[in-house]
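Chain by chain, the residues run as shown.
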Amino acid sequence: MTHDETCRSDEFTCANGRCIQKRWMCDNDDDCGDKSDEKNCEPTTCDPLKQFSCAENYCITNKWRCDGEPDCPDGSDERGCANPPPPVVSTCLPLEYQCNDRITCIHRSWICDGEKDCPRGDDEMPPICQNVTCRSDQFQCKKDKTCINGHFACNGKNDCSDGSDEQNCGGEYILHLYLRSLEELRSNASFMHVLVFLFCLPTANSRSEKCNPKTEFDCGGGMCIPLSKVCDKKPDCPEFQDEPADKCGKNECLQSNGGCSQLCVDTPAGFYCDCKPGLQTTPKSQIRNGCDVSNSSFKLSDNRTCVDIDECEEPGSCSQNCINEIGTFKCVCMDNYLRDPRDHTRCKATEGHASLLFARRHDIRKISLDHREMTSIVNDTKSATALDYVFRTGMIYWSDVSEKRIYKAPIDEGSDKTVVVKDPLVTSDGLAVDWIYNHIYYTDIKKSTIGLTNFDGNMGKTLIQDDLEIPRAIALDPIEGWMYWTDWGTNPRIERAGMDGTHRQVIVSYEVKWPNGITLDLVRKRVYWVDAKLNVISSCNYDGSKRSVILYSADYLRHPFSITTFEDYVYWTDWDKEAVFKANKFTGKDIEPVTAMHMVSEYGRDAHSLRKIIANAFRSRIRLPHH
């Protein structure tokens, strides 16, 4: 089949086979991902009644002309204005630096720290920065002078592009890291964790595991030889341990099954116990030199008695519910999901077609996850940032940080947009909808508050206003009655509270610096977030327990902004890569781009995750779910 046959008549066929709307051709935006939609373009002709023509073949809506904020790439829309434009009010706080995109705000302490935190990296460029220096807790790569977290040096993986973080990794360097960071670590909540990590780093001459008793013989001192060389009357161990006269030719399994509860396997100079499938005799972790290398506890201490392995303790054994049974386990799917016939441990949604909604500042788009078709939902937005969607009503809600308003529009008729919140003005980086009680919850970085309003915007309330610095992302579970939000002020953290503002508590307070996006796995009751400073995707239970790092990547997580989850995957946007990515939400593996696009900003959760939940009627006063 040719590419021409795959795209509709109202679509353009990209050179790479992708289909995009024809209206996106020649708009100075690489929608195809290979720039084929921007080739052989005629000079742009703008509608003189509705648009202003920029000097670089670029059109903007007339209402943005002389509004005090450059919207043309060359800033020509703010030149030659008859009346002085209104003063541009920065959305950033006094302790923040405003990036050149005029939207992103970062801590001033992050300027010239060796890490590009602004989407265009202007916080690390001249004239602001002349010489890049790394913090004491960072390692500076030799080639490009970039900074990485100090504990990534000598961890066995190349985190620098030139691999310089894995060079000269002897004991002296590890001691240098320890001494350099000791004073700083003393005041850090994770001091003991990092200290143990430094002392437990493997050296080039050490083995990370003991000898495998099924295939190897342990000579001692970390030396292993194949079992085929044991009791062959040729000494292979330094002290002839592989030729024990009292054990060669003896079958210990013939006497009381060797003391094994199930299987006894004879070896040339001994034996080992084994179990039927689904059971185990060996410890789940191995302790060497006082260091736990697997972060798990011992299953047994005698290596003889078989006990059941609880496969449900392993994240991702099942997509959703896991039931442990003796010698096996069973996966169960929630309502509206069925087990994948190709893999009964996976659950697939039974209805609808999943799509991602995302804002690109000047428009809002939708991309289908099954065949990657992208369509435009809302056009001519000023600075669309956060958005969410109500599946039951088909209504999309979003915030605009330039116009300081919250809007709504039908997803199938995006041009019919309505203002929901405009007075007082709101600077919202985070927005989430309660589809049960018909509320919009939003963060306000200027007022340092969390507020809510009904879907019509005529009944509002401030829920939280104390001890907030820079609240950003917000996520809701209306069924359980919890709301979660991130705050990346001087004490970055993730908090939760009942959706009426009560029962507030901090669930993440350490090893977090710039928690940009947050989302909830409503099925497994897990919180996921992205940290743009630490380049990680992390997860924890609703109460903050069982925290884990899903993915660290200095490449795919250079500047993550938002995150959502659907089925077995997490999806996130990255400003630096200008793309949407996905990965397995349990392991962080199987990373792949969903699509590439220019200046991706905030996107909401997929439509199908907000499925068929009956909403209560909104009465004359605000009703809030509570704990």
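Residues numbered from 1 in each chain as written. Predicted model: local features only at pLDDT ≥ 70, side-chain atom pairs only at ≥ 80, totals over all residues. Heavy atoms only, no water.

Engineer: Could you clarify how one ought to interpret the pairing of strand 20 (residues 343-349) in this entry?
Structural biologist: On any regular strand, side chains alternate: one points to one face of the sheet, the next to the other face. Bridging between strand 19 (residues 337-340) and strand 20 involves four bridges; their strand directions are antiparallel. Bridged to Arg 339 within strand 20 is Cys 347. The antiparallel pairing of strand 19 with strand 20 creates a hairpin that spans two residues between the two strands. (Pairing = 2+ DSSP bridges. Helix = DSSP H or I, 4+ residues; strand = E, 2+ residues; numbered from the N terminus.)

Engineer: Even after reading the chapter, I still don't get the nonpolar core, so can you show me in this structure?
Structural biologist: Side chains of nonpolar character tend, in soluble globular proteins, to be buried together. Counting residues in each nonpolar core, the largest one holds 18 residues, and the members touching the most others are Ile 20, Leu 356, Ile 367, Leu 369, Phe 566, Tyr 571 and Val 594. Ignoring any residue separated from it by four or fewer positions in sequence, one finds Leu 369 in contact with Ala 354, Ser 355, Leu 356, Phe 566, Tyr 571 and Val 594. Formed by 16 residues, the second largest nonpolar core is a distinct cluster that contains Ala 386, Tyr 397, Val 420 and Trp 435. (Core = buried A, V, L, I, M, F, W, Y, C linked by side-chain atoms within 4.5 Å. Buried < 20%, exposed > 50% of the residue type's maximum accessible area, 1.4 Å probe, protein only. Contact = heavy atoms within 4.5 Å.)

Engineer: Explain the sheet that holds strand 35 (residues 515-521) to me, please; I cannot follow it from the model alone.
Structural biologist: Each strand in a sheet pairs with another by means of backbone hydrogen bonds, the pair being arranged parallel or else antiparallel. Spatial ordering of the open sheet is given by 35-36-37-38, a layout of four strands whose pairing is antiparallel. Every interior strand has two partners, whereas the edge strands, strand 35 and strand 38 (548-552), have only one. With direction set aside, neighbouring strand axes in the sheet form an average angle of 20°. As defined by bridge partners, strand 35 adjoins strand 36 (residues 526-531) across six bridges and the pair is classed as antiparallel. Across the sheet, residue Asp 521 finds its bridge partner in strand 36, namely Arg 526. (Axes fitted to C-alpha atoms, helices over the stretch in contact; angles between N-to-C directions.)

Engineer: I'm lost on the state of the cysteines in this one. Help?
Structural biologist: Following the criterion strictly, the structure yields 18 disulfides and no others. Between the sulfur atoms of Cys 26 and its disulfide mate Cys 41 the distance is 2.1 Å. Between Cys 26 and Cys 41 the sulfur-sulfur dihedral comes to about -85°; the bridge is accordingly left-handed. Highlighted residues: Cys 26 in the loop between strand 2 (19-21) and strand 3 (51-53) and Cys 41 in the loop between strand 2 and strand 3, separated in sequence by 15 residues. (Disulfide = S-S within 2.5 Å.)

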